[in-house]
Structure formats: C-alpha cells, structure tokens
Amino acid sequence: MKKTFLISLLATLLTFSSASAQTMLDQTILFQKDSVNIMESQKDRIGLVVEYIRRHPAETVIIIGGFCGSDTPKEKVDIIGQQRADAVKKYIVETYRIPESRFVAISAGVCTRYSEPEHNEVVSFFTK
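Note that this is a predicted model, so its numbers are computed, not measured. (Residues numbered from 1 in each chain as written. Predicted model: local features only at pLDDT ≥ 70, side-chain atom pairs only at ≥ 80, totals over all residues. Heavy atoms only, no water.)

Let's talk about the packing of aromatic side chains
The condition that has to hold: Two rings from Phe, Tyr or Trp (for Trp, the six-membered ring) form a pair when their centres are within 6.5 Å of each other. A pair whose planes differ by under 30 degrees is stacked, one over 60 is edge-to-face, and the rest are tilted. Burial here depends on accessible area, computed with a 1.4 Å probe over protein chains only, as a share of the maximum for the residue type. Under 20% is buried, over 50% is exposed, and the range in between is partly exposed.
Counted under the stated rule, the structure contains 1 aromatic pair. Between the aromatic rings of Tyr-91 and Tyr-96, the centroid separation amounts to 6.2 Å while the plane-to-plane angle is 80°, which identifies the pairing as edge-to-face. Owing to a relative accessible area of 22%, Tyr-96 belongs among the partly exposed residues under this scheme.

Some words on helix 4 (residues 74-96)
Selection criterion: Secondary structure elements follow DSSP: runs of H or I of four or more residues count as helices, runs of E of two or more count as strands, with numbering from the N terminus. Every helix has an expected span of 1.5 Å times one less than the residues it contains. Whether two residues are in contact is decided by their heavy atoms: any pair within 4.5 Å suffices.
Taking 1.5 Å as the rise per residue, helix 4 with 23 residues should run 33 Å; its terminal C-alpha atoms sit 33 Å apart, in good agreement. Taken together, the buried positions of helix 4 are occupied by Val-77, Ile-80, Gly-81, Arg-84, Ala-85, Val-88, Lys-89, Tyr-91, Ile-92 and Val-93. Each element contacted by the buried residues of helix 4 is listed here: helix 3 (43-55), strand 2 (62-68), strand 3 (103-110) and strand 4 (122-127).

Digging into the environment of Ser-70
Position of Ser-70 relative to the elements: it lies in the loop between strand 2 and helix 4. Setting aside residues no more than four positions away along its own chain, Ser-70 makes contact with Val-110, Cys-111 and Thr-112.

A closer look at the confidence of the model for the protein
Counted only if it meets this: One number per residue, pLDDT, summarises how confident the predictor is, and it ranges from 0 to 100.
Per-residue confidence for the protein gives a mean pLDDT of 83, with 80% of residues at or over 70. When pLDDT is averaged over each helix and strand of the protein, the minimum, 36, is found for helix 2 (residues 18-22) and the maximum, 97, for helix 4. Low pLDDT (under 50) marks residues 12-24, which in the prediction has 11 contacts with non-local residues, meaning those over four places away or in another chain.

Things to note about the sheet that holds strand 4
We count it as follows: A strand pair is defined by DSSP finding two or more bridges across the two strands. Every axis in this analysis is a line fitted to C-alpha atoms, fitted for helices over the stretch in contact. Angles between the N-to-C directions lie between 0 and 180 degrees.
Ordered by their spatial adjacency, 4 strands build an open sheet running 1-4-2-3, and the pairing between neighbours is mixed. Edge positions in the sheet fall to strand 1 (28-30) and strand 3, since each has one partner strand and no second. Here the strands of the sheet are splayed against their neighbours by 25° on average, with no regard to which way each runs. As paired elements, strand 2 and strand 4 share 5 bridges and run antiparallel to each other. Bridge pairing in strand 4 links Ile-62 to Thr-127.

Concerning the nonpolar core
Note that soluble globular proteins tend to have their nonpolar side chains buried in a common cluster. The following threshold applies: What we call a nonpolar core is a set of buried Ala, Val, Leu, Ile, Met, Phe, Trp, Tyr and Cys residues that are connected through their side-chain atoms within 4.5 Å.
Grouped together as the largest cluster of nonpolar side chains are 21 residues, with contacts concentrated most on Ile-46, Ile-64, Val-88, Ile-92, Phe-103, Val-123 and Phe-125. At the level of elements, helix 3, strand 2, helix 4, strand 3 and strand 4 are the ones that each hand at least two residues to this core. Listed in part, the 9 residues of the second largest apolar core include Ile-106, Ala-108, Cys-111 and Phe-126.

Considerations on the state of the cysteines
Where we set the bar: In this description, the term disulfide denotes a pair of cysteine sulfurs within 2.5 Å.
Evaluated as defined, the whole model comprises 0 disulfides. Not engaged in a disulfide, the cysteine Cys-68 finds its nearest cysteine sulfur in Cys-111; these two sulfurs lie 9.7 Å apart. Note on Cys-111: relative accessible area 3%, which makes it buried.

Considering the pattern of salt bridges
Formally: Salt bridge criterion: a side-chain nitrogen from Lys or Arg within 4 Å of a carboxyl oxygen from Asp or Glu.
Scanning all chains against the criterion turns up 7 salt bridges. Its salt-bridge partner being Lys-33, residue Asp-34 comes within 3.5 Å of it at the nearest N-O pair. For Asp-34, a relative accessible area of 38% puts it in the partly exposed group. The partner of Arg-84 in a salt bridge is Glu-121, with the nearest N and O atoms 2.8 Å apart. Highlighted residues: Arg-84 in helix 4 and Glu-121 in the loop between strand 3 and strand 4, separated in sequence by 37 residues. A relative accessible area of 0% places Arg-84 in the buried class. By sharing partners, the salt bridges in this structure join Lys-33, Asp-34, Asp-71, Arg-84 and Glu-121 into a single network.

And the structure:
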C-alpha cells in the first residue's frame, strides 16, 4: 500500500468525531516526549488491542499510526512516528505471535487531538 494513501486514510479517520473514530480500536498507547520505547504501563493497553484483533479476524489489516506532539521539531516527526509504530508492531508480533502481515506501521504526523501536548505523543490503531 502506498504511504500517501494510508496517511490520507488516517487523516480522514481523525477528522471524525471522537466517538465514531474510537469505535474502531479504542486504545491509544502513550509515549514519553521524543521516546520510541514502549513504557511498561502501556503494555496492558496493547494487550487489549490484541484481544480485539483476535476477536475480529475478518479485519485483516490493522494500521498502527505513530504520532508526535506539535512541539516536536518537524524534521523529527516522521522518524519518531515511524519508530513508535514499528516498536508497537514488533512488540505485538513477537509477544503475541500475531502474523506481521496483519499490520501496517506508519508515521502519521503530528497529533493535536488533546490540549495537553504530552498526550499527543501516541500510537493509535485503525482498521482498514
């Protein structure tokens, strides 16, 4: 799949009201500023995503979007976002043995969903 298509899809999903967008996968994985390491406190949330994935095998592709806060330097946004998405994908594949082919990990740009900048350092999940 082309990265531009996926970014466009994510942008469309994020423009929906939070209620409609969150009916897909209602989990957000928080990261510390500029970090790409999954915090222990977030691993249970990833487990909830895995439960959803296992209960919905017909949703064959899960998009993992890595976001940065608006205060992240522009030259770092794509790099950090991609590394976050890749880290979560790798964790799910290795820990839960979900086939890698079920995921597309992308940098999804800057998140401005929350007023507190630190809450925008996230990975979100979407179904295709």
